[in-house]
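Working through the structure, step by step
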Protein chains: 2
Amino acid sequence: MNKSQELPIRAVAFDAYGTLFDVHSVISLAEQLCPGRGEALSMLWRQKQLEYSWLRAMSGRYKQFWDITRDALRFSVARLAPELSAADEARLMNQYSSLSAFPENLGALRELRSLGLPLAILTNGNREMIEVSVRSSGMDGMFEHLLSSESVQTFKTRSAIYDLGPQALGVSAAEILFVSSNCWDAIAATWHGYRSFWINRSGAPLEVLDTTPNATGSLLTEVVEYARQRLA
Amino acid sequence: MNKSQELPIRAVAFDAYGTLFDVHSVISLAEQLCPGRGEALSMLWRQKQLEYSWLRAMSGRYKQFWDITRDALRFSVARLAPELSAADEARLMNQYSSLSAFPENLGALRELRSLGLPLAILTNGNREMIEVSVRSSGMDGMFEHLLSSESVQTFKTRSAIYDLGPQALGVSAAEILFVSSNCWDAIAATWHGYRSFWINRSGAPLEVLDTTPNATGSLLTEVVEYARQRLA
């Protein structure tokens, strides 16, 4: 589509895990608990968390994302660090409930708000999990809407969860900038009509899914400039 | 369920990739093309192939599994071996169309047939891909039905693809033994009413999905004994 034909941006919706909160901020504790395998454990944990959400979404077997996160940790421990105790598991899960925010995020969110854009989180996380994460990362009061898988009992990339954005924000998906550090999530949002922005923090290759995100950058601050140029 | 209440086994359906055909038989060529990274490339290729099938199944974006397999290879090469040429890519794809069968498989399939059980393949693969694999592995004539994602335009673990088994075999899912080396596939088949047998060749931990396969073994020959004890 020609840029002149694009609709203006009237709201911004953010993925939470990996985008606002650093899911790999558990690495240092994981490394302390299982020396030499902390990073591998963190990577497998995240991969299994997504896999389990996808398998459940495909088969209509919803379960709260917090519980899926624990299931994924248990599989990953069984495969990589079977000596970890129940107490160690609890410490890792506790870490997950207070993930670090990426350093530039709070400033970028404030700037987007100052442009008059309503902000939302659109996440696989269940409500309690996401409320705790927002609070513990100092992002309280930044978001007009916390849109959770819990209200539709399914996960990304099913339509029902992406539909929450236009429903809550009262504008069409094409007028919402959807921001995710997960390339597959940005692409699926595009499939569902959003304008998408992929935060590619690690220099990963583009997922090969016949669709590209509408924009790509490496930091949340780049979203501010992109949105500023496309306001109503 | 008490074993005495179980229905007899009247047919056997097999997953194809990983179960009948060794998807990692491409490792030696991959290792030759990118020394030191052959195994990593093979693992990522397989993981992305499944991921792309899941994302497309969730979002109603079917594409032939052969093409998804190429997409997954392209992503994996971009991440792990960007120096690979188009000719090398073609050699790897060509390898994938004639994967090795696991050594015990042909004997086990013959024994199951001698028990009077009709056999089927139930696979994400598209029809041409699976016909080529069956032929090149010497399994011609072993299967009454080749049931492919192509006829329902979606992938595992959506119901539509598992429904193909009872439809083709003319018995209920509970009377079909579904055999897969992919634990998630065996579990999803259980969700959809099948009796499932997980071939755990690598000693992997059980996936944590609140359901266990009905039986587990490490070789296809163990399926023969299991079925023999549960005939009508």
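Source: prediction; values computed, not measured.

**Quick word on the pairing of strand E2 (residues 119-123) of chain A**
All names here are of chain A. By the criterion of burial, E2 is predominantly enclosed, with five of the five residues buried. Side chains Leu 119, Ile 121 and Thr 123 project from E2 onto one buried face, and the interleaved Ala 120 and Leu 122 project onto a second face that is buried too. Here strand E1 (residues 11-14) runs beside E2; their pairing, made up of three bridges, is parallel. Bridge pairing in E2 links Ala 13 to Ala 120. Pairing analysis gives four bridges linking E2 to strand E3 (residues 145-148), with the strands arranged parallel. Looking across to E3, one finds that Ala 120 is bridged to His 145. Tracing the backbone out of E2, into helix H6 (residues 127-136) and back to the parallel element E3 gives a crossover that is right-handed.

**Observations concerning the environment of Gln 153 of chain B**
All names here are of chain B. Among the structural elements, Gln 153 can be located in the loop between strand E3 (145-148) and helix H7 (159-162). Classification of Gln 153 as partly exposed rests on a relative accessible area of 46%. Along the chain, Gln 153 and Val 134 lie 19 residues apart, while their C-alpha atoms are 21 Å from each other. Looking at Gln 153, its side chain comes within polar contact range of the main-chain oxygen of Glu 150, at 2.9 Å.

**Digging into the sheet that holds E3 of chain B**
Residues and elements named next belong to chain B. Spatially, the six strands line up as an open sheet ordered E3-E2-E1-E4-E5-E6, and their pairing is parallel. Every other strand in the sheet has two partners, leaving E3 and strand E6 (215-217) as the edge strands with one partner each. Going across the sheet, the axis of each strand differs from the next one's by a mean of 25 degrees, ignoring polarity. Here strand E1 (residues 11-14) pairs with strand E4 (residues 176-180) via four bridges, running parallel. The residue of E4 that forms the bridge with Phe 14 is Val 179. Packed on one face of the sheet, helix H9 (residues 183-191) meets E4 and strand E5 (195-199) and runs near 160 degrees to E4.

Cut-offs used in this document
- Residues numbered from 1 in each chain as written.
- Chains lettered and ligands numbered in written order.
- Predicted model: local features only at pLDDT ≥ 70, side-chain atom pairs only at ≥ 80, totals over all residues.
- Heavy atoms only, no water.
- Buried < 20%, exposed > 50% of the residue type's maximum accessible area, 1.4 Å probe, protein only.
- Helix = DSSP H or I, 4+ residues; strand = E, 2+ residues; numbered from the N terminus.
- Pairing = 2+ DSSP bridges.
- Right-handed = clockwise from strand over helix to strand, strands pointing away.
- Polar contact = N/O pair within 3.5 Å; in protein donor to acceptor, adjacent residues only side chain to side chain.
- Axes fitted to C-alpha atoms, helices over the stretch in contact; angles between N-to-C directions.
- Contact = heavy atoms within 4.5 Å.

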